[in-house]
Amino acid sequence: MIPSRVGGSMILVRQLGLRMFSTSSSAVAVVRAVSGAQCNDLLFGSRSSATSAGIVRFLRVRMESTSAATASVGGKDDVSSKGQASAPANPSDSNQMTSYWGVAPRKLFKEDGSEWRWSCFRPWDTYMSDTTIDLTKHHAPTVFLDKIAYWMVKLLRVPTDIFFQRRYGCRAMMLETVAAVPGMVGGMLLHLRSLRRFEHSGGWVRALLEEAENERMHLMTFMEVTQPRWYERALVIAVQGIFFNAYFVGYLLSPKFAHRVVGYLEEEAIHSYTEFLKDIDNGNIENVPAPMIAKDYWRLPPDATLRDVVMVIRADEAHHRDVNHFASDVHYQGMDLKQAPAPVGYH
């Protein structure tokens with residue numbers, strides 16, 4: 001039979017244990033109020049010992065450190081003089097917008113002095129696309145695997161043409177949801193192989209992940225231009241699920257075949273964006289102002305239009321075409337990717 005005072009103390013210990021993970025100031029106040037001999041007498045009465053005092057000291061230090069850590073992550077407490085929490089003026093000032101390392105992000109500004117508004121990319125990720133890149137380059141399929149990759153991509157284009165016809169805004173959106181998959185899959189598999197073999201990747205992990213990120217930014221841009229319908233979103237989910245798993249297995253079986261497929265996919269993307277530009281020039285598609293995210297990402301002029309956006313995206317696709325054909329050629333030469341210089345950046 002547990003004495004009533006001891007039973008009550010056990011309840012109090014449990015309450016304090018739950019409060020260990022609280023970040024409120026009231027938890028700290030409770031511990032400060034019941035400290036030292038008062039806590040010993042309250043918890044265990046005359047049976048108190050050094051152990052009970054140690055427990056209370058541990059609870060006190062743990063609660064105070066938790067509260068202090070919370071304040072340090074968010075910076076200054078957002079509390080007004082009336083004691084009420086004040087809403088942050090900018091989402092970037094919110095305590096929730098902390099970096100992966102638990103450090104509050106600093107405010108960033110553009111060259112004109114205005115505050116940087118994007119969290120998906122930073123000013124140092126922006127660039128000016130090289131639109132002078134050769135758009136007509138084509139890798140003629142010679143060996144058997146190349147021919148399979150080429151005709152497979154040609155066959156995949158047929159249902160796309162039937163479904164989207166000349167709605168190139170929606171076509172581009174669908175294309176980018178697929179185009180952003182290979183770089184992520186290839187980078188992931190090379191990353192895992194680097195870990196297994198305890199060796200460097202030759203820079204190809206970063207190059208492929210940059211390609212995936214660049215393709216994703218294409219999608220974020222077209223999301224500002226074209227709002228997909230519900231059945232188009234459903235189609236994206238289905239196509240992405242099938243393509244991701246198929247490409248994953250294909251890359252495991254033959255990286256040179258997988259990179260060749262992507263090279264031909266990028267060639268088709270260049271063709272699609274060229275047709276997109278023709279429709280804009282012919283007045284079939286309105287040449288609306290470029291989204292702000294595109295202006296900041298590609299460092300476009302303030303008066304940039306949709307046509308300028310399509311131009312820089314087409315140049316990006318040409319770069320991805322060359323990178324993937326080069327990666328496939330490296331494998332055909334019997335070399336590992338880490339033995340060949342990886343491309344520096346995607347722009």
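This report concerns the structure included in the present document. Since this is a predicted model, take the numbers as computed values, not measurements.

### Some words on unusual backbone geometry
The backbone phi angle of F198 is positive, close to 55°, even though this residue is not glycine. Of note, F198 is situated in the loop between α6 (168–197) and α7 (204–225). Notably, R299 is not glycine yet its phi reads approximately 55°, a positive angle. Mapping R299 onto the fold places it in the loop between α10 (292–297) and α11 (306–332). When its relative accessible area of 45% is taken as the criterion, R299 is described as partly exposed.

### Quick notes on the packing of α6 against α7
Look at α6 against α7: their axes get within 8 Å of each other, and the N-to-C directions meet at 160°. Put simply, α6 runs roughly antiparallel to α7. The two elements α6 and α7 meet at a crossing, and its hand is left-handed. Of α7, the residues touching α6 (which contributes A172, M173, E176, T177, A179, A180, G183, M184, G186, G187, L190 and H191) are W204, V205, L208, L209, E211, A212, E215, R216, H218, L219, F222 and M223.

### Topic: the environment of L156
Structurally, L156 can be placed in helix α5 (residues 144–164). Since its relative accessible area comes to 45%, L156 is described here as partly exposed. Distance from L156 to L265, taken between C-alpha atoms, is 9.4 Å for residues 109 residues apart in sequence.

### Points about the packing of aromatic side chains
One pass over the full model with this rule turns up ten aromatic pairs. For the pair F222 and F276, a centre-to-centre distance of 6.2 Å together with 25° between the ring planes defines the contact as stacked. Highlighted residues: F222 in helix α7 and F276 in helix α9 (residues 255–281), separated in sequence by 54 residues. Classification of F222 by relative accessible area gives buried; the value is 1%. Ring geometry for Y297 against W298: centres 4.9 Å apart, planes inclined by 85°, an arrangement best described as edge-to-face. Here a set of aromatic residues connected by ring pairs shows up, and it is made of Y127, Y297 and W298.

### Things to note about the nonpolar core
Ranked by size, the top nonpolar core spans 27 residues in total, and within it F121, Y273, F276, W298, V310 and I313 carry the most contacts. Elements with a minimum of two residues in this core: α6, α7, α9, α10 and α11. With residues near it in sequence (within four places) discarded, V310 still touches Y273, F276, L277 and I280. Grouped together as the second largest cluster of nonpolar side chains are 24 residues, V153, Y247, Y251 and F257 included.

### Looking at the pattern of salt bridges
Taken as a whole, this structure holds ten salt bridges when the rule is applied. Taking the shortest distance from any N to any O, the salt bridge between R307 and D281 comes out at 2.7 Å. Residue R307 is located in helix α11, and its partner D281 is located in helix α9; the two are separated by 26 residues in the primary sequence. Since its relative accessible area comes to 29%, R307 is described here as partly exposed. A salt bridge links D322 to R321; its shortest N-O distance comes to 2.8 Å. A residue is classified by how much of its surface remains accessible, and D322, at 22% relative accessible area, is partly exposed. You can call R321 buried: its relative accessible area is 1%. Overlapping salt bridges, with partners in common, bring together K137, R321 and D322 in one network.

### Describing the packing of α9 against α11
α11 packs onto α9 with a crossing angle of 160° between their chain directions and a minimal axis gap of 8 Å. When the axes of α9 and α11 are compared, the pair comes out roughly antiparallel. Helix-helix and strand crossings are classified by hand; for α9 and α11 the assignment is left-handed. Residues belonging to the contact of α9 with α11 are distributed by class as follows: 16 nonpolar, eight polar and ten charged.

### Some points on the side chain of K295
Looking at the secondary structure, you find K295 in helix α10. Lacking a salt bridge, the buried K295 has D303 as its closest oppositely charged neighbour, with an N-O distance of 7.3 Å. Separated by 2.7 Å, the side chain of K295 and the backbone oxygen of P302 make a polar contact. In contact with K295, other than residues within four places in its own chain, are A290, L300, P301, P302 and A304.

### So, a nonpolar patch on the surface
There is a patch of nonpolar side chains on the surface, built from M188, L192, L195 and F244 and spanning about 320 Å² of accessible area. Looking at which element gives the most residues to the nonpolar patch, the answer is α6, with three residues. Structurally, the position occupied by M188 is in helix α6.

What counts and what doesn't
- Residues numbered from 1 in each chain as written.
- Predicted model: local features only at pLDDT ≥ 70, side-chain atom pairs only at ≥ 80, totals over all residues.
- Heavy atoms only, no water.
- Helix = DSSP H or I, 4+ residues; strand = E, 2+ residues; numbered from the N terminus.
- Buried < 20%, exposed > 50% of the residue type's maximum accessible area, 1.4 Å probe, protein only.
- Axes fitted to C-alpha atoms, helices over the stretch in contact; angles between N-to-C directions.
- Parallel < 35°, antiparallel > 145°, perpendicular 65-115°, else oblique.
- Left-handed = near helix turned anticlockwise from the far one by under 90°.
- Contact = heavy atoms within 4.5 Å.
- Phe/Tyr/Trp six-rings, centres within 6.5 Å; stacked < 30°, edge-to-face > 60°.
- Core = buried A, V, L, I, M, F, W, Y, C linked by side-chain atoms within 4.5 Å.
- Salt bridge = Lys/Arg side-chain N within 4 Å of Asp/Glu carboxyl O.
- Nonpolar A, V, L, I, M, F, W, Y, C, P; charged D, E, K, R; others polar.
- Lys, Arg positive; Asp, Glu negative; His and termini not counted.
- Polar contact = N/O pair within 3.5 Å; in protein donor to acceptor, adjacent residues only side chain to side chain.
- Patch = residues over 30% accessible without salt bridge, like charges linked within 9 Å, V, L, I, M, F, W, Y side chains within 5 Å.
- Areas by Shrake-Rupley, 256 points an atom, 1.4 Å probe, with all protein chains shown as cover.

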